[in-house]
Structures are given as structure tokens and as C-alpha cells.
Amino acid sequence: VYKFFVNRIEFIKSMGMTAFALTGGLTLVKIFSNGRHDDFFIARPPGADLNGKFEAACIRCGKCKAACPYDSIIMSEGENGISVGTPYLNLRQKPCYLCSGLPCVKVCPTTALDHELVDTKNVRIGTAAITDREACLALKGLRCEVCHRVCPLIDKAIVVEKRVNPRTGVHVIFEPVVHKDKCVGCGICEHACVLDRPAIVVMADMRGDKSRHYLEMK
Amino acid sequence: MEVKKENNRTFESQYRRLRHGFQVMFILIFISPALGFHFYQGTLMAGSIFGIDLLDPVAFMESILASWEIHLSSVLSAAIVLVFFTLIGGRFFCGWVCPMYFVTEAGEKIREFFLGKNLKKNLPAGIKIQEAEKILERRTFSGKLKFQALVFFLGLSLLTGLPVFEIFSPIGIVGRSLAYGAGLSILLILAIILFESFVSKRGWCHYICPVGALYSLVGRLAPLRINLDAANCTQCGKCQKVCMVPEVLDKPLERAKIFRGGKNPLSQWESVRGGDCTYCLECLDICPERVIKLKKYHSPLVINQFALNKEEK
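Residues numbered from 1 in each chain as written. Chains lettered and ligands numbered in written order. Predicted model: local features only at pLDDT ≥ 70, side-chain atom pairs only at ≥ 80, totals over all residues. Heavy atoms only, no water.

## Re the overall build of chain B
And then number 1: Along its length, chain B carries 17 helices and 6 strands.
And then number 2: Within chain B, the fraction of its 313 residues that count as buried is 51%.
And then number 3: A sequence separation of at least 24 residues applies to 76% of the contacts in chain B between residues at least 6 apart.
And then number 4: For chain B, the accessible surface area stands at approximately 15,100 Å², while carbon and sulfur atoms represent 65% of it. (Helix = DSSP H or I, 4+ residues; strand = E, 2+ residues; numbered from the N terminus. Buried < 20%, exposed > 50% of the residue type's maximum accessible area, 1.4 Å probe, protein only. Contact = heavy atoms within 4.5 Å. Areas by Shrake-Rupley, 256 points an atom, 1.4 Å probe, with all protein chains shown as cover.)

## Description of the overall build of chain A
And then number 1: When you go through chain A residue by residue, the secondary structure sums to 6 helices and 6 strands.
And then number 2: Expressed as a percentage of its 218 residues, the buried residues of chain A come to 45%.
And then number 3: A sequence separation of at least 24 residues applies to 61% of the contacts in chain A between residues at least 6 apart.
And then number 4: Counting every atom, chain A has about 11,900 Å² of accessible surface; 57% of that belongs to carbon and sulfur.

## So, unusual backbone geometry
And then number 1: Despite not being glycine, E145 of chain A has its phi angle at roughly 50 degrees, a positive value.
And then number 2: Of note, E145 of chain A is situated in the loop between β3 (127-130) and α5 (146-150).
And then number 3: Assessed through its relative accessible area of 5%, E145 of chain A is described here as buried.
And then number 4: Phi is positive for W68 of chain B, which is not a glycine, with a value near 55 degrees.
And then number 5: Relative to the helices and strands, W68 of chain B is located in the loop between α2 (57-67) and α3 (72-88).

## Considerations on the pattern of salt bridges
And then number 1: Summed over the entire model, instances satisfying the criterion amount to 15 salt bridges over all chains.
And then number 2: With a shortest N-O distance of 3.1 Å, D276 of chain B and K146 of chain B are connected by a salt bridge. In this pair, D276 of chain B sits in the loop between β5 (269-271) and α16 (282-286) while K146 of chain B sits in helix α8 (residues 145-160), placing the two residues 130 residues apart along the sequence. Of the two residues examined, D276 of chain B and K146 of chain B, each falls in the buried class.
And then number 3: E270 of chain B is the partner of R273 of chain B in a salt bridge, and the nearest nitrogen-oxygen pair spans 3.3 Å.
And then number 4: Looking at E270 of chain B, the relative accessible area reads 2%, which means it is buried.
And then number 5: Put simply, R44, E55 and R60 of chain A are held in one network by salt bridges that share partners. (Salt bridge = Lys/Arg side-chain N within 4 Å of Asp/Glu carboxyl O.)

## A few points about the sheet that holds β5 of chain B
Residue and element names in this part refer to chain B.
And then number 1: Reading across from one edge, β5-β4-β6 is the order of the 3 strands in this open sheet, with antiparallel pairing throughout. On the outer flanks of this sheet lie β5 and β6 (292-296), each paired with one strand and no other. Strand-to-strand, the axes of this sheet are offset by a mean angle of 45 degrees, without reference to chain direction.
And then number 2: One ladder, built from 5 bridges, connects strand β4 (residues 224-229) with β6; its direction is antiparallel. Residue pairing for β6: R225 is matched across the bridge by K295. (Pairing = 2+ DSSP bridges. Axes fitted to C-alpha atoms, helices over the stretch in contact; angles between N-to-C directions.)

## Quick notes on the sheet that holds strand β3 (residues 52-55) of chain B
Residues and elements named next belong to chain B.
And then number 1: Pairing in this open sheet of 3 strands is antiparallel, and the strands run β1-β2-β3 from one edge to the other. With partners counted over all chains shown, the strands left at the sheet margins are β1 (40-42) and β3, one partner each. Direction aside, neighbouring strands of the sheet carry axes that sit 20 degrees apart on average.
And then number 2: Relative to strand β2 (residues 46-49), β1 runs antiparallel, the two sharing 3 bridges. The residue bridging G42 from the neighbouring strand is G47, located in β2.

## Digging into helix α5 (residues 100-115) of chain B
And then number 1: Relative to the 22 Å expected for 16 residues at 1.5 Å per residue, α5 of chain B spans 22 Å between its end C-alpha atoms, a close match to the ideal helical length.
And then number 2: Buried residues of α5 of chain B: M100, Y101, V103, T104, E105, G107, E108, R111, E112 and L115 of chain B, and no others. (Expected span 1.5 Å × (residues − 1).)

## Re the packing of helix α10 (residues 170-180) of chain B against helix α11 (residues 186-198) of chain B
All names here are of chain B.
And then number 1: Where α10 meets α11, the axes come as close as 9 Å, and the angle between the chain directions of the two elements is 125 degrees. For the element pair α10 / α11, the angle class is oblique. Seen from above, α10 lies across α11 with left-handed handedness. For the pair α10 and α11, contact is made by P170, I173, V174 and S177 and by I186, L188, I189 and I192, respectively. (Parallel < 35°, antiparallel > 145°, perpendicular 65-115°, else oblique. Left-handed = near helix turned anticlockwise from the far one by under 90°.)

## Quick look at the packing of α2 of chain B against α8 of chain B
Each pair of packed helices can be summarised by the angle the axes make with each other and by the distance between the axes.
Residue and element names in this part refer to chain B.
And then number 1: It is the contact of α2 with α8, at a shortest axis distance of 7 Å, that shows an interaxial angle of 30 degrees. Crossing of α2 over α8 shows right-handed handedness. Here V58, M61, E62, L65 and A66 of α2 lie close against α8, whose contacting residues are L150, F153, L154, S157 and L158.

## Observations concerning the interface of chain A and chain B
And then number 1: Contacts between the two partners involve 33 residues from chain A and, on the opposite side, 38 residues from chain B.
And then number 2: The interface formed by chain A and chain B contains 2 salt bridges.
And then number 3: A salt bridge links K63 of chain A to D53 of chain B; its shortest N-O distance comes to 3.3 Å.
And then number 4: Summed over the shared surface of chain A and chain B, the number is 10 residue pairs in polar contact (both at pLDDT 80 or more).
And then number 5: Mapped onto the side of chain A that touches chain B, the elements with two or more residues apiece are α1 (8-32), α2 (53-57) and α3 (63-67) of chain A.
And then number 6: Of the residues forming the side of chain A that touches chain B, the biggest block, 7 residues, is contributed by α1 of chain A.
And then number 7: Looking at the side of chain A that touches chain B, its residues break down into 20 nonpolar, 6 polar and 7 charged. (Polar contact = N/O pair within 3.5 Å; in protein donor to acceptor, adjacent residues only side chain to side chain. Nonpolar A, V, L, I, M, F, W, Y, C, P; charged D, E, K, R; others polar.)

Below is the structure:
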């Protein structure tokens, strides 16, 4: 190393080059790797730890996409600020159908997708939530409950609770209620919602660090 | 400055045809899932062929440095690749497998288009021919730059907690574009083509690519090398003209010059040293004396410089 830097001009030159490369490199990183789950929720393939670990380990190889039999996994090209080359899911278009054995996790060559995840019940892509209570047909008093019917964990993750419709006094509101400890965030409900803009959507896993309320923080 | 068109375009090498065949075959392998075949899954970064998992060693290292976790079976898949390319010759990967070859070749084509008789014809108004030549100059840098880039990218992965090179790796982009369709990220490839055409000939592969740097490192252990018959070489220099990495032939040619005329050579076969040879084998074909052969590595014998100087006097 000493021999390499023995010439002072060479040394200054190489330092300059390093500084230039660092700036250039970091700029490229900034451009290509935004969307680190701090700003908004991105549905990643099953087993992805959204608290930075996924982004750190994912080598953008696309094997999970190749393994997905439903072609649900999309390789990002930088759209919507999702870092280039990383896999994500557009649950509204194509949800995760939770194949037994989780082929996408199995083929992952790194720890980006948690290889200890075997049981599909333990998948946590996110958590479904009825975000638009005013639009939800079931809450309006109609017999919809499509999200409940299509849920792979029917009566566990989405349960229908009945109560009297106060508007008529005689009818019943069949309200779909998501149980966040059971919901895997597969997005089949979001995919199936009959509204133009789904009333039920998958959001960040309620138990993750990023979605904790500041009052819970120590 | 040399503006003369290289004569390697008119020369047809059987090995070049074979190599192009291999490269096209690898591209077809990457496209094959889209065509309905299922023996290969993945891209060039990581894939599995007939159920055997393969992983790019640089991506493997970056992922570990960034996440501080190892997926144990990936150690094997990265080791398979590394050992294979150590045995067959490190940058054999660059010459025969990597689809980036076609990108750099495109850049080279653009450069040649401007450099040939088209230079005068296409000259935009207000630009002198010397200036144009200066833009198209083949800038060369230190060959050590790629090793620095390898250390730099690995260090940056450690610092940022992101596999930095994989984020914008053109090998990854080309691979993903082939397997899953191209997107916006292909712009980076276009940028590299421009870099190749107007900044440095095959500059990406020579000075930046950390994947090539790693294969160059393991290539130093390669048992099979391009060998030059020092006793019979006539120093015509055709091999260097056709070579993609001309500097690898510097040392063997220099030694051959010393032993010219078969004057009791210390070692008849002078091997290409370092790991930068891509084993394109075009020198084998172009050599008019047929003194270049693919043989086992002959470690260089030390020349007694003092005795040589004496002899020259």
C-alpha cells in the first residue's frame, strides 16, 4: 500500500478519484434505491423483512419472479419510487395466492426472503384493513362480503360481524372485520373488492417497527 | 493518434464464431423461461440450471456485507461458480458468458462508425477534425482500477447496508431485461454504450466492473493459459491488435523479443500472466506463424537482466 501511494501526486490524484467515485456512487445509490419503506408501504414477496433487511440482502436477481406460478411478483424498473430491480407485488392487480411451500422463498439465494418461513399462515406481507368505511358496500347494508368469501383464511382473518342496521331498524349489517393477528396480507381481498377503488387494502404489517405509533416508542 | 481502422473486422476467426455461438446460447438460456422452457430459472446474478443453484460471487459477498446474514446453501452455489471459473480461466466468463459483451461491442461499433471514413463526412459544422479525434480517443487508465472498484463497492455495501453494485449493475439490468422484459433501467445500458464509444474502449469491463475484477483475481490461478512460443515469435504484433485486452500480451511479447531468434531461450513457452485474458482465442487464429497455443501455465523464469545487458553489448 505504501508503495502504491509513494508518489504524492499519485496519492492526491487517487484521493480525488475516490472522492469523485464516492459522490458519483452515492448519487447513483440515491437515484436507484429510493423507496426504503420509510415513506409508504410496498408489498414485497412473502418472507421479506421490511425494516431494512430485505433491501440489504436482495441482490435483484429475479429468481422469486421466475418461481412465482401466478406471475404475481413484479421486478421494479423504478416506477413509483420502488428501488430498481427489486421484486414487489401489485396486490390489486394480482395478489399473492400463498402457494404451499412458498416457492419464491425457497429459491431466494440470499436472506432477503426469510428461509425459516415455511407455513403460509406465518406470511406477513402486510395487514388488510378496511380503509374506506363509507364506500364499503357491506357497511352500507348490502350483502357484499366478497372480501370475506375470497379470504384464504375465511372466518379467521376476516370475520363477518352482524349488527342491526340502524337506518331501517329491521335489517342486518354484515360487517367484515379483519383480525390482524391472523391476516397474512396476501391481498386477495383487495384484489376481489368490487369497488373501483378498493375499500379494503393491504397496509404495512401492524406489528412491524415502521408502523408503530410514536406513543408506543420507548 | 491512431485513426486507422483495425483490420480485425475483415478477419474471420473460427473461435470468434464459436464464442459468439456460446454468447448467443447463454442469452437464449436467459430468455428460455419466456419461450416456455423450464430448465433455467433466474438471471445472470443468480439462477438455477437443472436444479443446480448458481450465484454470482460478487452479489453473494455484497449481500452478506450489507445484511450481515448468510444463507448457507448460497455458499455452495457461489463456490460452484467461483471454482468453475478458476479452473476454466477467470475472465472466460467475460468473453464467453457475459451478455455485457454485446453492449460494449455496440459501443465499439459506434466508435468505429465515427472513426472510419465517416469521421470527415459526419463532422458537425464548427468542429475541427482534431477535436473530433480527441473526443473519440481511446483513453486508457490503470488496470488496477477495477480492483479498487471491487473494494469500493464492497466497502460501500458495508457502509450503506445496501448491495450497492447490484442496485445499478448493468449485468443485472441486462439479465432482467432478457428474462422479464426491458424497462426504464435500460437507460443505464445506453449510457454505458455512450461511455464505451466516446470515453474509453471497453472501459466498463476494463476499469469498473467488479465482477470482472473478481474473476480476474481468481483467473491468476487458472491452469490453462494462452502461451507464446518465444523462440519462434516474429513480433508482428497482430495478436495484440486482435486482442480485447491487449496489455495481457505485453509481457510475453516483451520476453519473446529478448529471446528472439531462438537464442537459447530460458523458457520456450511464455504464458499470459495475470487474470485479464478473456480466452477469446482470436490470437490463436490470427497468428501467421501459429506460435500461440492454449497450453498449461508456464510460470515465468527470472531473466538475468545483467547477463542480457552484457550480451547486447
